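Per-entry structural report
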Amino acid sequence: MTVLLIILFAAFMLVGMPIGYALVLSGTAAILLLGDIPSTVVLLKIFQPMQSFPLLAIPFFILSGALLMSGRLGQQLIAFAAALVGRFRGGLGQVNVFGSALFGGVSGSAVADASALGAMLIPWMRREGYPPALAAAITASSSIIAVLIPPSIPLILYAAVSNASIAQLFLAGLLPGAMLTIGLMVSCWLIGRARDLPVVRIEGGAKAVAKTALVAAPAISLPLMIVVLLRFGIATPTEVSVIAVAYALIIRFAFYRDLNGTGLLANIIATLATTGVVMLVIAASNLIGFILTVENIPAMLADWALNTLKEPWLIILMMNLVMLFVGMFLDLPAAILLLGPLFVALAGAIGLDLIQLGVMMTINLAIGLFTPPVGTTLFIASAISRESVGAVAREMWPFYLVAITLLGLVAFVPAFTIHF
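Criteria and cut-off values
Residues numbered from 1 in each chain as written. Predicted model: local features only at pLDDT ≥ 70, side-chain atom pairs only at ≥ 80, totals over all residues. Heavy atoms only, no water. Axes fitted to C-alpha atoms, helices over the stretch in contact; angles between N-to-C directions. Helix = DSSP H or I, 4+ residues; strand = E, 2+ residues; numbered from the N terminus. Parallel < 35°, antiparallel > 145°, perpendicular 65-115°, else oblique. Left-handed = near helix turned anticlockwise from the far one by under 90°. Contact = heavy atoms within 4.5 Å. Nonpolar A, V, L, I, M, F, W, Y, C, P; charged D, E, K, R; others polar. Salt bridge = Lys/Arg side-chain N within 4 Å of Asp/Glu carboxyl O. Buried < 20%, exposed > 50% of the residue type's maximum accessible area, 1.4 Å probe, protein only. 1 Å grid on protein atoms, 1.4 Å probe; cavity = no way out; pocket = protein on both sides within 12 Å on 5 of 7 lines; lining within 4 Å. Points joined across faces, edges and corners; volume = space filled by probe spheres on them.

On to the packing of helix H13 (residues 261-294) against helix H16 (residues 332-350). Two elements in contact, H13 and H16, have axes separated by 9 Å at closest approach and are oriented at 25 degrees. On the basis of the axis angle, H13 is roughly parallel to H16. Here the hand of the crossing between H13 and H16 comes out right-handed. Along its contact with H13, which presents Val281, Ile282, Ser285, Ile288 and Leu292, the element H16 presents Ala334, Leu337, Leu338 and Leu342. Among the residues forming the contact of H13 with H16, the class breakdown is 8 nonpolar, 1 polar and no charged.

Enumeration according to the criterion identifies 3 salt bridges in this entry. With a closest N to O distance of 3.3 Å, arginine 89 and aspartate 196 form a salt bridge. Taken together, the residues span a long stretch of sequence, with arginine 89 in the loop between helix H5 (73-85) and helix H6 (91-107) and aspartate 196 in the loop between helix H10 (166-195) and helix H11 (206-231) at a distance of 107 residues. Its relative accessible area of 57% is what places aspartate 196 among the exposed residues. Ionic pairing is found between arginine 252 and aspartate 258, a salt bridge with its closest N-O pair at 2.6 Å. Judged by its relative accessible area of 3%, arginine 252 is buried.

Right, let's talk about unusual backbone geometry for a bit. In this chain, proline 150 is followed by proline 151 through a cis amide linkage whose omega measures 0 degrees. Positionally, proline 151 belongs in the loop between helix H8 (132-142) and helix H9 (153-162). With an omega dihedral of 10 degrees, the bond running from proline 372 to proline 373 counts as a cis peptide bond. Along the chain, proline 373 falls in the loop between helix H17 (354-367) and helix H18 (376-385). Positive phi is not limited to glycine here, since asparagine 163 has a value of about 65 degrees. Of note in this structure, asparagine 296 is not a glycine but carries a positive phi near 60 degrees. On the secondary structure map, asparagine 296 appears in the loop between H13 and helix H14 (297-308).

Within this model, the largest pocket holds a volume of roughly 920 Å³. What lines the largest pocket is a set of 42 residues, and nearest its centre among them are Ser109, Val111, Thr274, Val278 and Asp331. Grouping the amino acids of the lining of the largest pocket by side-chain chemistry returns 27 nonpolar, 14 polar and 1 charged. Approximately 740 Å³ is the volume found for the second largest pocket. What lines the second largest pocket is a set of 22 residues, and nearest its centre among them are Ile6, Phe9, Val326, Leu330 and Leu338. Elements represented by at least two residues in the lining of the second largest pocket include exactly helix H1 (2-14), helix H2 (19-34), H13, H14, helix H15 (312-327) and H16. Of all the elements, H1 adds the most residues to the lining of the second largest pocket, at 7 residues.

This is the structure in structure tokens:
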């Protein structure tokens, strides 16, 4: 059944079918054609994930991100980033990276980050003399910071398939997220020095930084609020997501005063559309996971790895190579949902901590977002910059180096995924 499933899924993907539909149809066909399992199981397995209370956090976090990113907040965050780091060599590149960290703490989505920041910063960087391909490369690579810091949607999805704690995953992603931010900013500084790229002249010095920080503070404090509420057990992840929506509404209505009924409705509709896509993939992946479990694929993979590779570090290396390859072709949420059950079983066999695995998997598959041939953030940044994907990819090597180095540290040094 698994072989038939893989063949059908590959065929559907080759003809350009959306991944959610490809998963549902290939899983359904595999069950119906072999006839060993009642057809009603298909419906049961598709709708089963919809009963998960923790998954309610996804639409609420998406809505809170949409509310905060659709108003004046984006301009305020960029103004704060420019005032803080723009004066250094390669400053606009560093503004792009630091802005991604700030946006990531709001949106939890690399794709949303690349779209929103790219539309603002890539034209600005071009006007200031940055090569368009470089501006796009910085945007595409830095946007993955969003999937490491709270409220990361991919980490929530991993928690759903592994039964790991969402709160622990959020905490474990903080240090890698900070390291990735610093590493990319240092890369931008080195590139700025080597190419003599311009700096951003912000008048006012420390006063300008303080002023922009004050205006941006309500949004910057959102990820901190999430971490505090989860770390001290004040609220569950789902409750925190609802609090985040209420917080975003208060900020937009009372602080920035730039939200009306029409804007609120548009954000809700956008959230419903995004949630629908994500939940379809979750439902379909549950069906695929059931088929793999029935055929004992996770246990067979674990036995093969232990008998063939033997050493835990070789097994971890193999897992990373597989994820890097899969991430080049599948989008991040789908890849996590498909590979999660397999690698959770493998991690249990070699004693790899599930929280460490979740952060490792998220970083690994996020690299695929800015890697050809189907990197989502790579295509978004390329389209905004009006440069070819190949031209943007050629500017990526310093950022690949930073990301791969971080991946190695997280994969082989548990201390880099500290959680309490």
